[in-house]
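Residue strings, one per chain:
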Amino acid sequence: MSGLVRRLTWRDWAVPGALWVAGLLELWDPLNVRALPVHGPRWPFVVAVTFCSAALLVRRTRPEWALLVVVTSVVATTTTAYNAILLSETYLVVVAVFACGRYGTTPLRYAAVALPEVPLLLWLAAHPEVHVANAWAWGLNAVWIFALGAAFRRERILRERVTQAVAAQSRMHAAEQRVSLAREVHDVVSHSLSVVVVQTELARLFMTSDPERAEEALRRVQETGRTALGETRRLLEELRDPTSADAAALTPTWPDIPELVHRMRESGLHVTLQLPDGDPQLTPEASAAAYRVVQEALTNSLRHARTSQTTVDVTRQADLLLIEVQNDTEAAVGIDEPAVGGGYGLSGMQERVTACGGMLTTGPRPEGGYRVRAVLPVAGGR
């Protein structure tokens with residue numbers, strides 16, 4: 001019973017209520033009493049119209065039951081003893097058939113195509129003078145009325161699917177933004193903290209023996225901190241407004257790689273850079289990915305292989321840009337404290353490179369050391 005009874009809204013009451021009032025007026029209007037051909041007492045028709053109207057209150061949740069009650073009520077008032085041509089009853093049947101097409105969910109809804117023929121057959125039995133072809137033609141209207149309701153139902157389902165698809169796309173876009181922001185935060189924090197740790201170690205190491213060198217290391221810590229603050233501020237602005245052109249313009253890209261390598265040299269990493277002739281035409285995503293790949297690889301070298309030689313070799317092959325960052329040893333040398341960060345650097349590089357249509361491979365070299373190799377597409381090729 002709890003599934004049948006629900007809070008009725010004006011949409012549930014409006015149509016049945018209007019048809020119920022119309023039926024009573026049709027039966028008791030003094031101007032219509034003589035013109036209306038009613039055989040038998042009028043109270044059975046009042047009861048039938050009332051039952052039909054009440055049944056249509058649940059046409060949205062139980063359309064099959066509503067149709068059954070409506071047809072049964074009309075059949076009960078269509079006999080040789082008493083019958084009448086009520087326009088309101090006809091509309092009640094039409095609404096019940098339409099409701100089965102629009103709201104019905106079980107195979108019983110297809111009964112709406114055939115059940116309206118039953119009152120017509122009884123009407124033919126009570127009035128043999130009515131032509132059979134005309135009666136059946138009117139009865140077949142149930143087919144297109146049901147089809148119209150089914151079309152409305154199909155349109156509603158498609159609209160709901162579109163709404164769900166848009167919502168799912170919005171959630172996916174939000175998730176992608178969160179992952180992208182997490183990668184940016186990791187790159188900024190991991191790189192900056194690695195430089196800060198190394199320079200702080202140098203400052204502590206030379207604080208008494210070489211104060212000038214210790215002061216230079218502290219200056220680099222200060223510069224790195226300011227740079228990290230600037231990038232963090234840029235990330236926060238992008239989080240507040242993802243469409244901000246200013247925030248996107250501050251994102252480091254391919255042209256910033258030489259400056260990155262210079263800062264890593266100042267931080268104590270022995271690194272060389274080899275770039276191809278000309279400026280490769282990279283997409284914004286590939287340009288940012290190239291920078292972050294080099295940054296993450298150099299940051300790992302600074303953490304784990306600071307005293308070894310690291311090379312950044314960038315070459316152009318047809319419509320591909322090859323970036324190789326490698327060092328000579330896998331051991332962490334000269335670092336007293338445990339490595340900071342970790343865990344998401346390689347996966348973040350993989351996600352960036354894959355997202356722009358490239359490929360990333362990482363691992364130990366056969367001759368010793370470690371290599372990071374990224375292949376990125378060049379826009380337009382040669």
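In the block above lies the structure referred to throughout.
Below or above, wherever it landed, is the structure these notes cover. (Residues numbered from 1 in each chain as written. Predicted model: local features only at pLDDT ≥ 70, side-chain atom pairs only at ≥ 80, totals over all residues. Heavy atoms only, no water.)

Overview of the overall build of the protein
Point 1. Across its full length, the protein carries 13 helices and 7 strands.
Point 2. For the protein, the share of sequence-separated contacts (at least 6 apart) that also reach a separation of at least 24 residues comes to 72%.
Point 3. Here the protein has roughly 21,200 Å² of accessible surface; of this, 62% comes from carbon and sulfur atoms. (Helix = DSSP H or I, 4+ residues; strand = E, 2+ residues; numbered from the N terminus. Contact = heavy atoms within 4.5 Å. Areas by Shrake-Rupley, 256 points an atom, 1.4 Å probe, with all protein chains shown as cover.)

Points about the sheet that holds strand β4 (residues 309–317)
Point 1. Pairing is mixed in the open sheet, where 5 strands are placed in the order β3-β4-β5-β7-β6. Among the strands making up the open sheet, the edge pair consists of β3 (270–274) and β6 (359–364). Between one strand axis and the next, the sheet turns through 10° on average, direction left out of account.
Point 2. Strand direction decides the pairing type here: β4 and strand β5 (residues 320–327), joined by 8 bridges, are antiparallel. Looking at β5, one finds that Thr315 is bridged to Leu322.
Point 3. In the packing of helix α12 (residues 284–304) onto the sheet, the strands contacted are β3, β4, β5 and β7 (370–377), and the crossing angle to β7 comes to about 175°. (Pairing = 2+ DSSP bridges. Axes fitted to C-alpha atoms, helices over the stretch in contact; angles between N-to-C directions.)

Quick word on unusual backbone geometry
Point 1. Although it is not a glycine, Ala318 sits at a positive phi angle of roughly 55°.
Point 2. Tracing the backbone through its elements, the reader meets Ala318 in the loop between β4 and β5.
Point 3. Note on Ala318: relative accessible area 43%, which makes it partly exposed. (Buried < 20%, exposed > 50% of the residue type's maximum accessible area, 1.4 Å probe, protein only.)

Observations regarding the nonpolar core
Point 1. Core analysis: the biggest nonpolar cluster contains 37 residues, and Trp254, Met264, Val294, Leu298, Val312 and Ile323 have the highest contact counts within it.
Point 2. For this core, the elements supplying multiple residues, two or more each, are α8 (141–205), α9 (211–240), α11 (257–266), α12, β4, β5, α13 (345–355) and β7.
Point 3. In this structure, Leu27, Ala66, Ala112 and Phe146 belong to the second largest nonpolar core, which totals 26 residues. (Core = buried A, V, L, I, M, F, W, Y, C linked by side-chain atoms within 4.5 Å.)

Let's talk about the side chain of Glu64
Point 1. With respect to the element layout, Glu64 can be found in helix α4 (residues 63–76).
Point 2. The buried charged residue Glu64 lacks any salt bridge partner; its closest oppositely charged side chain belongs to Arg109, at an N-O distance of 6.0 Å.
Point 3. Setting aside anything within four residues of it in sequence, one finds Glu64 in contact with Cys100, Gly104, Thr105, Thr106, Leu108 and Arg109. (Lys, Arg positive; Asp, Glu negative; His and termini not counted. Salt bridge = Lys/Arg side-chain N within 4 Å of Asp/Glu carboxyl O.)

Re a nonpolar patch on the surface
Point 1. The grouping of Trp20, Val21 and Leu25 at the surface amounts to a nonpolar patch, some 270 Å² of accessible area in total.
Point 2. Looking at the secondary structure, you find Trp20 in helix α1 (residues 10–28). (Patch = residues over 30% accessible without salt bridge, like charges linked within 9 Å, V, L, I, M, F, W, Y side chains within 5 Å.)

Points about the environment of Thr105
Point 1. Residue placement: Thr105 occurs in the loop between α5 (87–103) and α6 (117–126).
Point 2. Leave out the neighbours within four places in its chain, and Thr105 touches Glu64 and Arg153.

Section: the pattern of salt bridges
Point 1. Applying the stated criterion across every chain yields a total of 5 salt bridges.
Point 2. Close ionic contact of Arg156 with Glu160 constitutes a salt bridge, the shortest N to O distance being 3.4 Å. Of this pair, Arg156 and Glu160 both sit in helix α8, 4 residues apart, roughly one helical turn.
Point 3. When its relative accessible area of 21% is taken as the criterion, Arg156 is described as partly exposed.
Point 4. Residue classification places Glu160 among the partly exposed residues on the basis of a relative accessible area of 37%.
Point 5. A salt bridge links Glu324 to Arg373; the shortest N-O distance between them is 3.1 Å. A residue pair is termed long-range when its members are at least 10 positions apart, and Glu324 in strand β5 and Arg373 in strand β7 qualify at 49 residues.
Point 6. A relative accessible area of 28% places Arg373 in the partly exposed class.

Focus on the packing of aromatic side chains
Point 1. Applying the stated criterion across every chain, the model contains 2 aromatic pairs.
Point 2. An angle of 70° between the planes, with centres 5.6 Å apart, marks the rings of Phe98 and Phe152 as edge-to-face. Of the two residues, Phe98 is situated in helix α5 and Phe152 in helix α8; the sequence distance between them amounts to 54 residues.
Point 3. Each ring, one from Tyr110 and one from Phe146, has its centre 5.7 Å from the other, and the planes form 50°; the classification is tilted. Of this pair, Tyr110 sits in the loop between α5 and α6 while Phe146 sits in helix α8; the two residues are 36 residues apart in sequence, bridging distant segments of the chain.
Point 4. Residue Phe146 is classed as buried on the basis of its relative accessible area of 8%. (Phe/Tyr/Trp six-rings, centres within 6.5 Å; stacked < 30°, edge-to-face > 60°.)

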